[in-house]
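# Coordinate inspection notes
Spelled out from the first residue to the last, the chains are:
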Amino acid sequence: MSIKQHQHAHWSSRLGFILAATGSAVGLGNIWKFPYMVGESGGAAFVLVYLLCIALIGLPILVTEWLIGRRGQNNPANAMADLAKAAGRPRAWMLVGISGILGAFLILSFYSVIGGWSLYYTLNSVTGAFSGQDADGIGALFNAMLGNPGLLLAGHSVFMLLVIGIVARGVTKGIESAARLLMPALGVLLVVLVGYGMSTGHFGEAVSYLFNPDWSKLSGETVLAALGHAFFTLSLGMGIMMAYGSYLGEEVNLLKTARTVVIMDTVIALGAGLAIFPLVFANDLDLASGPGLIFVTLPLAFGQMGGGIVVGLMFFLLLTFAALTSAISLLEPVVEFVEERTPLSRVASTLVSGVGAWALGIAALLSFNLWSDPVLFGLNVFDLLDKLTSKFMLPLTGLGAIVFTSWYLDKESVRRELGMDVYDFSLWSLITRFIAPIGVAVVFFSSL
Ligand code: PHE
């Protein structure tokens, strides 16, 4: 099916794969979005619903995407086409793979812009830009960044260059090596930051905020947000996990590995909360400050507390590492597709895909300044890309993947591949045929 015959890459070990997949899952969503969602939605009640969504919807779709990729040993589009053919289904199922690849490309364009913010804030923390600032000063710093296209472009370009540099080196030498380096570093930074949170004297408040549910704060809207986030945080519906699965060998137990990745992703998201909320409580900051929690609220704390330069630097490094390992996973399915469908080499495929996403990212970053007027449906380019992917493409792609796998693939072979006995598999079937698809469909329709 592919134009060119080539060696399909393989992860060098199960650990390498776990680190790469966890690196994809742990990103801005864990460090930036999860804590502010918890902050806005009233703490532990949200956390509990989120955990349920992860278990019933996130994990099954994660396993499903890996299974598709591994069986295909090919990019998401070809893998879906081949599996559909083998199952005697229309070739159009390939669209599930294509929309995943396209979604990853579109997300990468604006994800890299935020990666650039993270780089800039890492720099700001070293130069002491937060020191002695009041809320207005910190807000002005953020707004000045957004209003400066040249600065945003510089951050976006450097970040994308790093992503391209890593992905061009290939699956094991590039992605896996980066994950082996960055994920342990991220873990250490997080542990130190949580340790610092403990030293503030406000750790207990953060713990009870995260773990004592106040059910009155729960609404239909927060449930939907939790569901949507379960999807986003595991990098589902973007062809990423299919692409990563395509480099897997038969020996890896998908279910066990998925459990490990999901647990690490969740622990890191909760850890980010335990690092951030003590600072928020200790400095009397606004819990529900929304998306500005990390770039506006926290720097205020870094500027005021003792050792703020070091803590701030560690925090933004953590954010940058998390964003980087996610961004490389966004580029991979696109590169895999280009490499397998054209005569281009790995390096050339990476350049074409990465530069394309970079160019689109320029339109996204101009949305904060020169080009802030709506271009379509009352949205600017940045918001358009965000909404189009998170509200439409991701849920539909994820839904397609799980419906295809649970309804059309030969059940007995899936059961054996997942190493389940008949009883476990009937529970699995109930979840993957009904509960998860219905959950995703509900989120999809209610967001329209
Ligand atoms: N899972 C990543 C996170 O939590 C986000 C992400 C989305 C990564 C899409 C890759 C692709 O931030």
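Computed from a predicted structure; not experimentally measured.

The next thing to look at is unusual backbone geometry. The backbone of Q73 sits at a positive phi, close to 45°, despite the residue not being glycine. By secondary structure assignment, the location of Q73 is in the loop between α3 (44–72) and α4 (76–86). Take Q73: its relative accessible area is 28%, and that puts it in the partly exposed class. Unusually for a residue other than glycine, S235 sits at a positive phi of about 55°. Structurally, S235 is set in the loop between α10 (220–233) and α11 (240–245).

As a matter of local geometry, the ligand sits amid 15 residues, with A25, G29, T233, S235 and M238 nearest to it. One of the backbone nitrogen or oxygen atoms of L28 is found 3.0 Å away from an oxygen atom of the ligand. At a separation of 3.2 Å, an oxygen atom of the ligand approaches a polar side-chain atom of Y111. Secondary structure elements with two or more residues in the shell around the ligand: α1 (14–25), α2 (28–41), α10 and α14 (308–341). For the shell around the ligand, the class distribution of residues is 7 nonpolar, 8 polar and no charged.

Right, let's talk about the layout of surface pockets for a bit. Its volume calculated, the largest pocket comes out at about 980 Å³. For the lining of the largest pocket, the secondary-structure elements that each account for two or more residues are α2, α5 (94–127), α10, α13 (292–304), α16 (381–408) and α18 (422–446). Here the lining of the largest pocket is built from residues that sort into 23 nonpolar, 9 polar and 6 charged. The volume enclosed by the second largest pocket comes to roughly 360 Å³. Forming the walls of the second largest pocket are 16 residues, and the residues nearest its centre are A55, L59, L255, R259 and W428. At the level of secondary structure, the elements contributing two or more residues to the lining of the second largest pocket comprise α3, α12 (254–282) and α18. The element contributing the most residues to the lining of the second largest pocket is α12, with 6 residues. By residue class, the composition of the lining of the second largest pocket is 13 nonpolar, 1 polar and 2 charged.

This next bit is on the side chain of S367. By the secondary structure assignment, S367 is in the loop between α15 (346–366) and α16. Only 3.1 Å separates the side chain of S367 from the backbone oxygen of A363, close enough to count as a polar contact. Beyond its immediate sequence surroundings of up to four residues, S367 is in contact with S372, N380, V381 and F382.

Time to look at the packing of aromatic side chains. For the structure shown, the criterion picks out 31 aromatic pairs. Plain terms: the ring middles of W117 and F368 are 5.5 Å apart, the flat faces sit at 70° to each other, and that makes the pair edge-to-face. With W117 in helix α5 and F368 in the loop between α15 and α16, the pair connects residues that are 251 residues apart, well separated along the chain. Relative accessible area serves as the criterion here: at 7%, W117 is assigned to the buried category. With a centroid separation of 6.1 Å and 25° between ring planes, the pair formed by F295 and F316 is classed as stacked. Of this pair, F295 sits in helix α13 while F316 sits in helix α14, and the two are 21 residues apart along the sequence. F316 shares its class with F295; the two are buried. Within the aromatic cluster, the residues linked to one another by ring pairs are F110, W117, Y120, Y121, F130, F142, F295, F302, F315, F316, F368 and F382. One cation-aromatic arrangement involves K33 over F232; the distance from NZ or CZ to the ring centre is 4.9 Å. Directly above the aromatic system of W407 lies the positively charged group of R433, at a separation of 4.0 Å from the ring centroid.

Moving on to the nonpolar core. If you look at the biggest cluster of nonpolar residues, it comprises 154 residues, and the most contacted ones within it are I294, F295 and F315. When residues in this core are grouped by element, the largest group, 16 residues, is from α14. When residues no more than four places from it in sequence are discounted, the contact partners of I294 are I31, W32, I276, P299, F315, F316 and L319.

On to α2. In this model α2 runs 18 Å from its N-terminal to its C-terminal C-alpha over 14 residues, within 8% of the 20 Å that 1.5 Å per residue would give. At F34, α2 shows its maximal bend, which comes to roughly 30°, and the proline P35 appears one to four places after that position. Burial runs high along α2: 12 of the 14 residues are buried. Of the residues making up α2, those classed as buried are L28, G29, N30, I31, W32, F34, P35, Y36, M37, V38, G39 and S41. Following α2 by one or two positions, G42 adopts a phi angle in the positive range, close to 90°.

Analysis parameters
Residues numbered from 1 in each chain as written. Predicted model: local features only at pLDDT ≥ 70, side-chain atom pairs only at ≥ 80, totals over all residues. Heavy atoms only, no water. Helix = DSSP H or I, 4+ residues; strand = E, 2+ residues; numbered from the N terminus. Buried < 20%, exposed > 50% of the residue type's maximum accessible area, 1.4 Å probe, protein only. Near = heavy atom within 4 Å. Polar contact = N/O pair within 3.5 Å; in protein donor to acceptor, adjacent residues only side chain to side chain. Nonpolar A, V, L, I, M, F, W, Y, C, P; charged D, E, K, R; others polar. 1 Å grid on protein atoms, 1.4 Å probe; cavity = no way out; pocket = protein on both sides within 12 Å on 5 of 7 lines; lining within 4 Å. Points joined across faces, edges and corners; volume = space filled by probe spheres on them. Contact = heavy atoms within 4.5 Å. Phe/Tyr/Trp six-rings, centres within 6.5 Å; stacked < 30°, edge-to-face > 60°. Lys NZ or Arg CZ within 6 Å of the ring centre and 35° of its normal. Core = buried A, V, L, I, M, F, W, Y, C linked by side-chain atoms within 4.5 Å. Expected span 1.5 Å × (residues − 1). Bend = angle between axes of the 7 residues up to and from the residue.

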